[in-house]
Amino acid sequence: MKNVKLIAVGVVVLVALLLVTGTFYTVLEVEQVVITQFGKPVRVVEEPGLHVKMPFIQRATSFEKRILEWDGRATQIPTKDKKFIWVDTYARWRITDPLKFLQSVRDESGAQARLDNVIDATVRDFLTEQLLIEVVRNSNRTLVQAEGEGIEREEVKVEIQVGREKLTREILNKASELTPQYGIELVDVRVKRINYVQSVREKVFSRMIAERDRIAEQYRSEGQGERSKILGDMEKNLLQITSEAYKTAQEIRGEADARSTKTYADAYRRDPEFYSFLKALESYPEAIGEETWLFLTTDSDFFKYLKSSSGR
Amino acid sequence: MAFEEENIQDYLKKIPPQQMGRLGVIGLGVIVAIAFLASSFYSVAADSVGVVLRFGEYVRTTQPGLHMKMPFGIEKAIKVPVTRILSQEFGFRTGRPGVRTVRSREALLDESLMLTGDLNVVVVDWIVQYKVKDPRAFLFNVQNVEETIRDASETAMRQVVGNRSVDGVLTIERIEVAEDVAQNTQEILDAYGSGIQVVTVKLQDVTPPDPVKPAFNSVNEAKQEKEQLINEAMKEYNTAVPKASGDAERTIKEAEGYAIGRVNRAEGDASRFLSLWRQYTLAQDVTRRRIYMETMAEILPKVKRKYIVDEEEKGILRLLPLGEAAGGDQRSPKGEGGER
């Protein structure tokens, strides 16, 4: 008899426990709960805390209330100017209508698959219509040229009409039109990464190398040019200095010569005959030396006394 | 030991049922009491706050220290660091001792390779430092906040770099880039209500991609070559021109010296002449003779062959031994004295 009582008590306790766990359920701050009765949705509970429902008959299925992730795989997309690029987008979304959500995609992995389709398609539609520069740049501000070289390439000189930011906003708007049917609100879609496809990348690298080589060449020739200019200036200045000095020196010498000539002339002019007499006599000692043969007559002033004491 | 088992079993059998029941209840009570106490207390570290949920609903935030809460999981305390600065790395990972890097170089390069505004390619490594500014938002608004920070930061970096030239990003715009990325990242994170505060964004290595690096380096080398060429030329200039000026000075000074010498000599000669002449004018005849005689007296002794002939005598030339002279040259009495 005691055993039966024990079993009866046990059963009662068990049933009570089941009733309690089946009646009460918690809704976390990050959750929203859909109560279904025999598979049919009855209500949505969003307030966090402890709630009650009918046990056994009603089920509580919880969904995330937070902003959820979506990260697309990188896909290859050709831009309008035929540049093939890898585009890696990410999105953020949330479940705004858990009922619809449950009925359409059932759970988060179903939602991810649906978002894959919607977002990839929208991104592709938009980007294939745009030039690459529209996808990369945001504004038309002038680009810094540290090497003092203007960018010559056509593809870069273009002024953008739309720009990266605007493009992603448009993609978001378009894609958001398609998600409410799944009870999903697209909070954000952004382009996380863009990169050239391998073959294009190699071409771009070659182009970058050629650009740099050209800049290096320019520096070198600028250096040569500057050097030539400096040396040319130098030559010119040297010539100028030496020739001016020569000119001045010659002027000085010339003036001195003129002055001294005048001094001589002024002096000798007083008695030119006396001067030539003096000059001649001064030069005889030099003209006449040891080996000179002198033929003199007794008529000379010096020897005339040899003939007679009176010199006649 | 069978003997001891039996003893315990006997002992248990000996305890009357009521006492068994009571023992059980006491034991259970002790366990419950311990569990009660253990789940009623929690501590919050100095750099964190505690966010308390009751049945999953937010009820309060607690400061650092020891606190009480409702036991048995009725209330749950989640601890959120609010003053600690956390960081995310992009393009590289700081190695921790004993932890092998899981990421491959390929994957790291994917994070750092990006397009610039002039459609070139650059490699950027960077760090984002952040902290939690709103613990409730951090816990309840966004799932996987860390990944969201990463996505937002990569997006912001590419957006900012995509608006600048490769030259700018590599050199003078680095600081601007870091600031803009911090701002953009914060805007995105705020739009999601993530409760995250971006403290700073720091650029680490910013380089051109490996295949292109030599070309970029050669530009720097060429720049240096240019500087060097110019410096050498300037050096040559600065050596030659002053030297030439010095030489020019010297030339002019020499000319001046010559000028002074010439003029002085002329004045000296003129003065000497004039003095002599003044004397001469006082006694002309006598002075002339004197000068003449003095000169002859000086010359004549030196001359070896003197022929003093009577002026009437005309035929003497034929008799002279002119052939003995040097080379038999008869035209003029040319000796060494005749040459100047």
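Keep in mind that what you see is a predicted model, and the values were worked out from it rather than measured.

K.L.:
Explanation requested: the overall build of chain A in the structure shown.
P.N.:
The number of helices and strands found in chain A is nine helices and 10 strands. The C-alpha radius of gyration of chain A comes to 57 Å, more than 25% above the 20 Å expected for a compact globule of 312 residues. When burial is assessed residue by residue, chain A has 42% of its 312 residues classed as buried. Working note: accessible area of chain A is about 17,400 Å², and carbon and sulfur atoms make up 56% of it. Here chain A holds 48 positive side-chain charges and 49 negative ones, and the gap between their average locations is 10 Å.

K.L.:
Please clarify how a nonpolar patch on the surface should be interpreted in this entry.
P.N.:
Together, Ile7, Val11, Val15, Leu18, Leu19, Phe38, Met54, Phe56 and Ile57 of chain A make up an exposed nonpolar region whose accessible area comes to about 900 Å². By secondary structure assignment, the location of phenylalanine 38 of chain A is in the loop between β2 (31–37) and β3 (40–45).

K.L.:
Sorry, what's going on with helix α3 (residues 105–112) of chain B here?
P.N.:
An α-helix turns once every 3.6 residues. As a result, residues three or four positions apart point the same way. Listed as buried for α3 of chain B are Leu108, Glu111 and Ser112 of chain B. The buried residues of α3 of chain B occupy one face: seen down the axis, they fall within an arc of 90 degrees. Against the buried residues of α3 of chain B lie β9 (184–196) of chain A together with β6 (86–90), β7 (113–115), β8 (121–132) and α5 (145–161) of chain B.

K.L.:
I'm lost on the interface of chain B and chain A in this one. Help?
P.N.:
How big an interface is tends to be expressed through the accessible area that disappears when the partners come together. Between chain B and chain A, the residue contacts involve 119 residues of the former and 115 residues of the latter. Put simply, chain B and chain A have 10 salt bridges between them. Where chain B touches chain A, the interface holds 29 residue pairs in polar contact (both at pLDDT 80 or more). Looking at the side of chain B that touches chain A element by element, the count peaks at 40 residues for helix α8 (residues 213–282) of chain B. Looking at the side of chain B that touches chain A residue by residue, the classes come out as 61 nonpolar, 22 polar and 36 charged. Of the pairings in the sheet, the one linking strand β10 (residues 293–297) of chain A to strand β10 (residues 305–309) of chain B comprises five bridges and is parallel in character. Paired with leucine 294 of chain A across the strands is lysine 306 of chain B, a residue of β10 of chain B.

K.L.:
What am I meant to see in the side chain of threonine 36 of chain A here?
P.N.:
All names here are of chain A. The residue threonine 36 is located in strand β2 in this model. When its relative accessible area of 8% is taken as the criterion, threonine 36 is described as buried. Not counting the four nearest positions on each side in its chain, threonine 36 is found in contact with Pro41, Val42, Ile57, Gln58, Arg59 and Leu102.

K.L.:
How should I be thinking about the pattern of salt bridges in this particular structure?
P.N.:
For the structure shown, the criterion picks out 39 salt bridges over all chains. Across the pair glutamate 173 of chain B and arginine 164 of chain B runs a salt bridge, and its minimum N-O distance is 3.6 Å. Look at arginine 164 of chain B and you get buried, because its relative accessible area is 5%. Several salt bridges share partner residues, and in doing so they unite Asp71, Arg92 and Lys192 of chain A together with Asp151 of chain B into one network.

K.L.:
Would you take a moment to explain the nonpolar core for this structure?
P.N.:
The tendency in soluble globular proteins is for nonpolar side chains to be buried as a group. Core analysis: the biggest nonpolar cluster contains 93 residues, and Trp93, Leu186 and Tyr196 of chain A together with Trp126 and Met157 of chain B have the highest contact counts within it. Among the elements that line this core, the one with the most residues is β8 of chain B, at eight residues. Residues Phe273, Leu274, Met296 and Leu300 of chain B belong to the second largest nonpolar core, which totals 23 residues.

K.L.:
Which parts of the structure should I look at to understand unusual backbone geometry?
P.N.:
Glycine aside, residues mostly have negative phi angles, and peptide bonds mostly take the trans form. Phi at lysine 82 of chain A takes a positive value of approximately 65 degrees, unusual for a residue other than glycine. Residue placement: lysine 82 of chain A occurs in the loop between β7 (75–78) and β8 (84–95). For lysine 82 of chain A, a relative accessible area of 65% puts it in the exposed group. The phi angle at asparagine 144 of chain B is positive, at roughly 55 degrees, despite the residue not being glycine. Mapped onto the secondary structure, asparagine 144 of chain B falls in the loop between α4 (135–140) and α5. The class of asparagine 144 of chain B is partly exposed, set by a relative accessible area of 37%.

K.L.:
What's the story with the environment of alanine 248 of chain B in this structure? I'm lost.
P.N.:
The topology assignment puts alanine 248 of chain B in helix α8. Not counting chain neighbours up to four residues away, the residues in contact with alanine 248 of chain B comprise Ile241 and Ala245 of chain A.

K.L.:
Quick question: what am I supposed to make of the packing of aromatic side chains here?
P.N.:
With the rule as written, the count across this model stands at 11 aromatic pairs over all chains. Considering the side-chain rings of tyrosine 264 of chain A and tyrosine 268 of chain A, the 5.7 Å spacing of their centres and the 25 degrees angle between planes classify their relative orientation as stacked. Pair noted here: tyrosine 264 of chain A and tyrosine 268 of chain A are both in helix α7 (residues 198–268), with a separation of four residues, about one helical turn. In terms of burial, tyrosine 264 of chain A and tyrosine 268 of chain A fall into one category: buried. The interplanar angle of 15 degrees and the centroid separation of 4.0 Å between the aromatic rings of phenylalanine 274 of chain A and tyrosine 280 of chain B together place this pair among those described as stacked. In this pair, phenylalanine 274 of chain A is assigned in helix α8 (residues 272–287) and tyrosine 280 of chain B in helix α8, connecting two distinct chains. For the pair formed by phenylalanine 274 of chain A and tyrosine 280 of chain B, the shared burial category is buried. Through a chain of ring-to-ring contacts, the aromatic side chains of Tyr264, Tyr268, Phe274, Tyr275 and Phe277 of chain A together with Phe273 and Tyr280 of chain B assemble into a single cluster.

K.L.:
What is the right way to look at the confidence of the model for chain B in this model?
P.N.:
Low pLDDT means the predicted atomic positions in that stretch should not be read closely. Residue and element names in this part refer to chain B. Chain-level statistics for chain B give a pLDDT mean of 85 and a share of 84% at 70 or above. Long-range and interchain partners of residues 326–340, a stretch whose pLDDT sits below 50, account for 16 contacts in this model, where long-range means more than four residues apart. Both scores are given for the predicted complex: the pTM is 0.73, the ipTM 0.76.

K.L.:
Just checking my understanding: could you explain the sheet that holds strand β2 (residues 48–54) of chain B for this structure?
P.N.:
Residue and element names in this part refer to chain B. Read across the sheet, three strands follow the order β3-β2-β5 without closing on themselves; strand pairing throughout is antiparallel. For this open sheet the edge positions go to β3 (57–62) and β5 (75–81), each flanked by a neighbour on one side alone. Averaged over all pairs of adjacent strands, the angle between strand axes in this sheet comes to 25 degrees, irrespective of strand direction. As defined by bridge partners, β2 adjoins β3 across five bridges and the pair is classed as antiparallel. Across the sheet, the residue bridging to glycine 50 is threonine 62, located in β3.

Cut-off values and rules
Once a new chain begins, its residue numbering starts again from 1 and follows that chain's sequence as written. Written order determines the labels here, with chains lettered from A and ligands numbered from 1. Totals for whole chains, interfaces and linings use every residue, but because this is a predicted model, local features are given only for residues with pLDDT of at least 70 and side-chain atom pairs only at 80 or more, for both listing and counting. Excluding hydrogens and water, the side-chain values take into account all heavy atoms of the structure. Labels follow the DSSP assignment, with helices taken as runs of H or I lasting at least four residues and strands as runs of E lasting at least two, numbered in each case from the N terminus. Radius of gyration: C-alpha atoms only; globule rule: 2.2 Å multiplied by the number of residues to the exponent 0.38. Note on classification: 1.4 Å probe, protein chains only; a residue is buried when its accessible area is under 20% of the maximum for its type, exposed when over 50%, partly exposed between these limits. Values of accessible area rely on a 1.4 Å probe in the Shrake-Rupley scheme; residue burial ignores everything except the protein chains shown. In this count, Lys and Arg are taken as positive residues and Asp and Glu as negative ones, while His and the chain termini are left out. Lys charges are placed at NZ, Arg charges at CZ, Asp charges at CG and Glu charges at CD. Each patch is built from residues lacking any salt bridge and having more than 30% relative accessible area; the joining distance is 9 Å for like charges and 5 Å for nonpolar side chains (Val, Leu, Ile, Met, Phe, Trp, Tyr). Whenever Lys or Arg places a side-chain nitrogen within 4 Å of a carboxyl oxygen from Asp or Glu, that contact is recorded as a salt bridge. What the arc measures is the spread of directions leading from the helix axis to the C-beta atoms. Any two residues whose heavy atoms approach within 4.5 Å are treated as being in contact. Any N or O atom pair separated by 3.5 Å or less is treated as a polar contact, with the protein-specific requirement of one donor-capable and one acceptor-capable atom, and with residues adjacent in sequence counted only for side-chain atom pairs. Under the grouping applied here, Gly and all other residues not named as nonpolar or charged are polar, the nonpolar ones being Ala, Val, Leu, Ile, Met, Phe, Trp, Tyr, Cys and Pro and the charged ones Asp, Glu, Lys and Arg. In this description, strands pair whenever DSSP reports at least two bridges between them. Among buried residues, the Ala, Val, Leu, Ile, Met, Phe, Trp, Tyr and Cys ones that are joined through side-chain atoms within 4.5 Å form a nonpolar core. Any two rings among Phe, Tyr and Trp, with Trp reduced to its six-membered ring, count as a pair given centres within 6.5 Å; such a pair is stacked if its planes are under 30 degrees apart, edge-to-face if over 60, and tilted if neither. pLDDT: the predictor's confidence for each residue, scored from 0 to 100. To obtain an axis, a line is fitted to C-alpha atoms, over the contacting stretch when the element is a helix, and the angle between two such axes runs from 0 to 180 degrees between their N-to-C directions.

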